[in-house]
Amino acid sequence: YSVSLVGPAPWGFRLQGGKDFNVPLSISRLNDGGKAAQAHVGIGDVVLTIDGISTDGMTHLEAQNKIKACTGNLNMTLQR
């Protein structure tokens, strides 16, 4: 499913995983009342794309930087 969070940051979630950890990027934590929680993002949801870019092969830091670069809206494709 796709989610579009209206910026600016903070987005209200924490990432875990990445290519450098050999596990898919996923949501590890949500802030109560945060933008991600309001958009019904779930803990454990796998992040497939960030702003249209596939997270396949992305390290944790690359994903963080990609999210930080989204100042207006943050568009992600997630998998439950």
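Further up the page is the structure itself.
Note that this is a predicted model, so its numbers are computed, not measured. (Residues numbered from 1 in each chain as written. Predicted model: local features only at pLDDT ≥ 70, side-chain atom pairs only at ≥ 80, totals over all residues. Heavy atoms only, no water.)

Peer 1: Which parts of the structure should I look at to understand the overall build of the protein?
Peer 2: The secondary structure content of the protein amounts to two helices and six strands. In sequence order, the secondary structure elements of the protein are arranged as β-β-β-α-β-β-α-β. With the C-alpha coordinates of the protein rotated into their principal frame, the extents come out at 30 × 20 × 20 Å. With 80 residues in all, the protein has 35% of them scored as buried. Taking as baseline every contact in the protein between residues at least 6 positions apart, the subset at least 24 positions apart corresponds to 59%. Only carbon and sulfur atoms are counted for the fraction: they give 52% of the accessible area of the protein, which is about 4,700 Å². The protein carries 7 positive and 6 negative side-chain charges, and their two centres are separated by 6 Å. (Helix = DSSP H or I, 4+ residues; strand = E, 2+ residues; numbered from the N terminus. Buried < 20%, exposed > 50% of the residue type's maximum accessible area, 1.4 Å probe, protein only. Contact = heavy atoms within 4.5 Å. Areas by Shrake-Rupley, 256 points an atom, 1.4 Å probe, with all protein chains shown as cover. Lys, Arg positive; Asp, Glu negative; His and termini not counted. Charge placed at Lys NZ, Arg CZ, Asp CG, Glu CD.)

Peer 1: Mind showing me how you'd approach the nonpolar core here?
Peer 2: For soluble globular proteins, the rule of thumb is that nonpolar side chains tend to be buried together. Counting residues in each nonpolar core, the largest one holds 18 residues, and the members touching the most others are Phe-13, Leu-15, Val-47 and Leu-74. Those elements that place two or more of their residues in this core are strand E1 (2-6), strand E2 (13-18), strand E3 (23-30), strand E4 (46-50), helix H2 (60-69) and strand E6 (73-79). If you tally residues by element for this core, the top one is E6, at three residues. Sequence-distant contacts of Phe-13, defined by excluding residues within four places in its chain, comprise Leu-5, Ile-27, Arg-29, Leu-30, Ala-36, Ile-67, Leu-74 and Met-76. (Core = buried A, V, L, I, M, F, W, Y, C linked by side-chain atoms within 4.5 Å.)

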